[in-house]
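Working through the structure, step by step
Single-letter residue listing:
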Amino acid sequence: YTISSRISWISDIIVVVSPENIETMKTIIEKYGHKRVTVVKGGITRHRSIFNGLKVFAEREFSSYLLQKPEVVVIHDAVRPFVEEDILLEVVMAAKEHGAAGAIRPLVSTVIASSADGCLDHSLERARYRASEMPQAFLFDVIYQAYQQCTDYDLDYGTECLHLALKYSNVKAKLIEGTADLWKVTYKRDLYAAESIIKDNLSQQICVITDVKEGAVQAGFLLHESLKSQIKVEVVSISLCKNDTHLQNMIAEGCYNFIYIHDKQSAFQETQLLVDMLEKSNITLSYPVMLISVHLSSSENISFSIGTEELTSIKKFAREVKKKNIWVYGLLL
């Protein structure tokens, strides 16, 4: 999910996992409908695992799923789930120009070395050094040829891919200043920090779409009045169509929460239309998109206001789009 669901211009994703977790990973990929993903058996170290992933593009032993060799390959840790498309694109473009590139961050602690007796030997001048982060990107031939020349010591004890490109391909990596969200989810406490990041990045705007009929318009006005002190609310009264530029602009500006109020017997097609607009907008759906369809019913017998067949279709549709991080709800009033 860190990359595969969100970045349309990445053609193939290789997920390298330990042998005992391959079937579990395949189940996850199938369950959530991830596309363009190939699962590869990892090695006993980080570098051996990365090398296995690169071999999918170049070696005959992987002919069962040999993929077209890319110009640029990105190496990224799944435990850095908040990587943004901007930094991915930046390291890729830098790699195309320089051969290799990687994200860096300032050091937040001073690095010291201890002597054999356990006492301080020396410390590094923190301002001169940076922490190497992910993502990193390489011209494929640069990083693959570097791995082909690696010693067993490199593969077993090395950690830095940029160093391998310098050591074996004589390519100096371009260093790109990364964002604070590139940290790794390593310890249990990091899960709480990750939850906080998700909450901070949720769209703080709601677009209330109403049918042009009086009842729907009035409901939209009341909803606006009750929510405006808590969140940014915009109400539009329109007949939904696929070429509505106002809605398209709102999506582009980061509005991912929608409430559609109507009194139609069936508004399923309009709900599908909204989802289509979200999918075609090329936005990065890092966080859940909320779409609530509110049906105002004037029928006294509300149990027959919506047919069982249509209800089943809506539920199936909601399950499918949830895999794409779009959460659809229905409300009958």
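First, a word on scope: everything that follows refers to the structure included in this document.

Cut-offs and rules
- Residues numbered from 1 in each chain as written.
- Predicted model: local features only at pLDDT ≥ 70, side-chain atom pairs only at ≥ 80, totals over all residues.
- Heavy atoms only, no water.
- Helix = DSSP H or I, 4+ residues; strand = E, 2+ residues; numbered from the N terminus.
- Contact = heavy atoms within 4.5 Å.
- Core = buried A, V, L, I, M, F, W, Y, C linked by side-chain atoms within 4.5 Å.
- Buried < 20%, exposed > 50% of the residue type's maximum accessible area, 1.4 Å probe, protein only.
- Pairing = 2+ DSSP bridges.
- Phe/Tyr/Trp six-rings, centres within 6.5 Å; stacked < 30°, edge-to-face > 60°.
- Lys NZ or Arg CZ within 6 Å of the ring centre and 35° of its normal.
- Expected span 1.5 Å × (residues − 1).
- Arc of directions from axis to C-beta.

**Notes on the environment of leucine 227**
If you trace the backbone, leucine 227 turns up in helix α8 (residues 214–227). Between the C-alpha atom of leucine 227 and that of isoleucine 206, which follows or precedes it by 21 residues, the distance is 9.3 Å. Residue contacts for leucine 227: discarding those within four places in its chain leaves Ile206 and Val233.

**What to know about the nonpolar core**
By size, the foremost hydrophobic cluster in this structure holds 25 residues, and its most contacted members are Cys207, Ile209, Leu240, Leu247, Phe258 and Val328. Listing elements by their share of this core, those giving two or more residues are β9 (205–210), α9 (245–252), β11 (257–262), α10 (268–280), β12 (289–295), α11 (308–322) and β13 (326–332). Filtering out sequence-adjacent residues up to four positions away, leucine 247 remains in contact with Cys207, Ile209, Val236, Ile238, Leu240, Phe258, Leu274 and Met277. Counting 23 residues, the second largest nonpolar core, distinct from the first, contains Ile75, Tyr147, Leu155 and Ala165.

**Some remarks on the pairing of β11**
When you tally the buried positions in β11, you get 6 out of 6 residues, the bulk of the element. The pairing of β11 with β12 spans 6 bridges and is classified as parallel. Bridging across to β12, phenylalanine 258 finds its partner in leucine 291.

**Brief notes about the packing of aromatic side chains**
For the structure on display, the rule yields 6 aromatic pairs. An aromatic cluster is built from Phe51, Phe57, Phe140, Tyr144 and Tyr147, whose rings are joined through pairwise contacts. Lying over the aromatic face of phenylalanine 51, lysine 55 brings its terminal NZ or CZ to 4.4 Å of the ring centre. The cationic tip of lysine 322 hangs over the ring face of tryptophan 327; the distance from NZ or CZ to the ring centre is 4.7 Å.

**Side note on α8**
Under the 1.5 Å per step criterion, the end-to-end length of α8 is 20 Å for 14 residues, consistent within 8% with the ideal 20 Å. Residues of α8 that are buried: Ala216, Gly220 and Leu227. Down the axis of α8, the buried side of the element spans an arc of 45°, and every buried residue falls inside it. Exposed residues lying more than 90 degrees from the buried face of α8 are Glu214, Phe221 and Leu222. Against β9, β10 (232–237) and β11 lie the buried residues of α8.

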